[in-house]
Amino acid sequence: MNRRYFLNYSAITAAYLFTGCEERTDTDERKPQQPASASPAAVTPPKAEEKLPEKITPFTQKLKIPAEVNYAQLKKAAFTAQKSQVNIFPGAQTEVLTFQGDLPNPTIRIKKGEVFDLDFMNNLADPTIIHWHGLIVPEEMDGHPKDAIATGEMKSYHYPVEQSAGTFWYHTHPHGRTGEEIYRGLAGFYLIEDEEEKQLNLPEGEFELPLMIQDKRFDEKRQLRYKDPKVPQDNNGLLGDVILVNATPFPYHEVKSGKYRLRILNASSVRTYKLAFDTIGEFALIGTDAGLLEEPLTVQSVVLSVAERVDIIVDFKDKAPGDKVTLKTLGFKEGSNLTLHPDYPAFDAPMDIMQFHVTEKIQDTQVVPEKLIPIPRMQASDAVNTRTVTMEIIAGGIWTLDQKPYDMHRVDQKVKLGTTEIWEIKNSVHMAHPFHIHGVRFQVLERDGKIAFPTDKGWKDTVIVMPFETVRIIMHFTMPGLFVYHCHILEHEDQAMMANLLVE
Ligand code: C2O
Ligand code: CU
Ligand code: CU
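The sections below set out a description of the structure shown in this document. Since the structure is predicted, the reported quantities are computational estimates derived from the model, not experimental observations.

**Details of the nonpolar core**
Move 1: Core analysis: the biggest nonpolar cluster contains 59 residues, and L262, F277 and F356 have the highest contact counts within it.
Move 2: The leading source of residues in this core is strand β24 (residues 351-360), at 5 residues.
Move 3: Taken domain by domain, this core gets at least three of its residues from each of domain 2 (68-198) and domain 3 (206-360).
Move 4: Residues contacting F277, with those up to four places away along its chain left out, are L262, F283, I312, V314, V325, T326, L327 and F356.
Move 5: If you look at the next biggest cluster of nonpolar residues, it comprises 40 residues, including W399, L401, V444 and M479.

Structure, rendered in structure tokens:
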């Protein structure tokens, strides 16, 4: 049986077409992979026979904006990890995982100094746990995989938010299933605000947009496909052909001719984006993972590896009603030359992401401040210790840190509380990996590769380490406890590319 794959639209880039998914055959009729334990996300076909269009036309669906859980109004929230049927495509229900029944999941908005309070219920088939990516919170609140709660159990999160403004996120973090759970939906934004940021009068309200970017695969019934059991390279990272922004495929968003603050998160499995606009040459980078920069940096593009965030201001001032501006990835061949799945756009493929439709001319009085927030620089001389962490692949094709597959209960590094250390993250393979650590934020001291990353100038919790590159980071440990550090390519961390750090 020959079936026309529904995503064979032509508006996408040549590189996409080059991957040739015009016709797909029966071999594509893949059974969802059955893990040893019951999958939380076995695919169930839609109830009724629906007539779905064969093609999706990009930029025809309106960008969804997540609802907000704002701690200024509400003092406590509740999340339930659950299976839900949602409308990602018109006329179809897609089975996904959610925290409150729909996608996108709500954005948590909280001010520095407020207390975060949330009851989390696990209604999935497997144990899971929520992690607050980038937040520096006590061990029992952090969502270490060892703390996963069983099906039907509840966990109460309760901690004061003590760090400065930034674009953070949350996602589940069970050992071995993080990739699939995030892929199927379990991720959202976590925005911290503070007084210093407020003084800057950055664009807000309709002029501030959180954008969560993820590439995924859908079958002809619009159900998510995860790994392809026939293509072992999927274990190196899952690449999809449909880019969702806030759970909307290739969306558009209507804008006025003013400045917009875009808080962009890469919540994909492996794809690294080199973000740029087609008809706007430059934009201002104002923040990185864990906070605002000292001053805006004018850039033409910005590289965003998995789990990294950028805070940017883009100005539509030269645009007139009717104009369209496309946000795209230019492709990132420097990051990897690996061939992953032959049917999907490669790691380094240029792709369109979303479009901004200018609908109204306005007199924009907004100014981008010249100075943002001071960043006290840690000096190499502050460090009491230097460690090396290597990113390696070992026999059997297993991704590891320091050649040791992750053991949830083994302590790999012990750090003295209150000290500053330099960690040298050494990549010994031909693929870029994002290094992430819990319970601490860091600054990048230097990297010995060819590419300079403007994001290295800010507070980080995740950093891209290019093929065969060493990145030196410096961090000051203020939170005691057992935390993980890992590669944030989801399929790598699920395999074994993770380790434990004890701060005491
Ligand atoms: Cu996004 Cu271990 O984290
Ligand atoms: Cu994290
Ligand atoms: Cu990796």
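**Details of the pattern of salt bridges**
Move 1: For the structure on display, the rule yields 31 salt bridges.
Move 2: Between D315 and K259 there is a salt bridge, with its nearest N and O atoms 3.6 Å apart. Of this pair, D315 sits in strand β22 (residues 309-315) while K259 sits in strand β17 (residues 259-266), and the two are 56 residues apart along the sequence.
Move 3: Across the salt bridge formed by D412 and K404, the nearest N and O atoms sit 3.6 Å from each other.
Move 4: With relative accessibility at 36%, the residue K404 sits in the partly exposed group.
Move 5: By sharing partners, the salt bridges in this structure join E68, R109, K111, E193, E197, E208, R261, R263 and D311 into a single network.

**Some details on the sheet that holds strand β10 (residues 166-172)**
Move 1: Taken together, the 5 strands give an open sheet; going across it, the order is β3-β6-β11-β10-β8, and neighbouring strands pair in mixed fashion. Strand pairing shows two members of the sheet lacking a second neighbour, β3 (68-70) and β8 (130-133), which therefore form its edges. The sheet shows a mean angle of 20° between the axes of neighbouring strands, direction not considered.
Move 2: Looking at chain direction, β8 and β10 are connected through 4 bridges and run antiparallel. Across the sheet, the residue bridging to H131 is H171, located in β10.

**Examining the packing of aromatic side chains**
Move 1: Taken as a whole and judged by the stated rule, the model has 22 aromatic pairs.
Move 2: Where F277 meets F283, the ring centres are 5.4 Å apart and the plane angle is 85°; that geometry is what we call edge-to-face. As far as the burial class goes, F277 and F283 line up, both buried.
Move 3: Relative to Y485, the ring of W423 lies with its centre 5.1 Å away and its plane at 80°, an arrangement referred to as edge-to-face.

Basis of the calculations
Residues numbered from 1 in each chain as written. Chains lettered and ligands numbered in written order. Predicted model: local features only at pLDDT ≥ 70, side-chain atom pairs only at ≥ 80, totals over all residues. Heavy atoms only, no water. Core = buried A, V, L, I, M, F, W, Y, C linked by side-chain atoms within 4.5 Å. Buried < 20%, exposed > 50% of the residue type's maximum accessible area, 1.4 Å probe, protein only. Helix = DSSP H or I, 4+ residues; strand = E, 2+ residues; numbered from the N terminus. Domains from an automatic or database assignment. Contact = heavy atoms within 4.5 Å. Salt bridge = Lys/Arg side-chain N within 4 Å of Asp/Glu carboxyl O. Pairing = 2+ DSSP bridges. Axes fitted to C-alpha atoms, helices over the stretch in contact; angles between N-to-C directions. Phe/Tyr/Trp six-rings, centres within 6.5 Å; stacked < 30°, edge-to-face > 60°.

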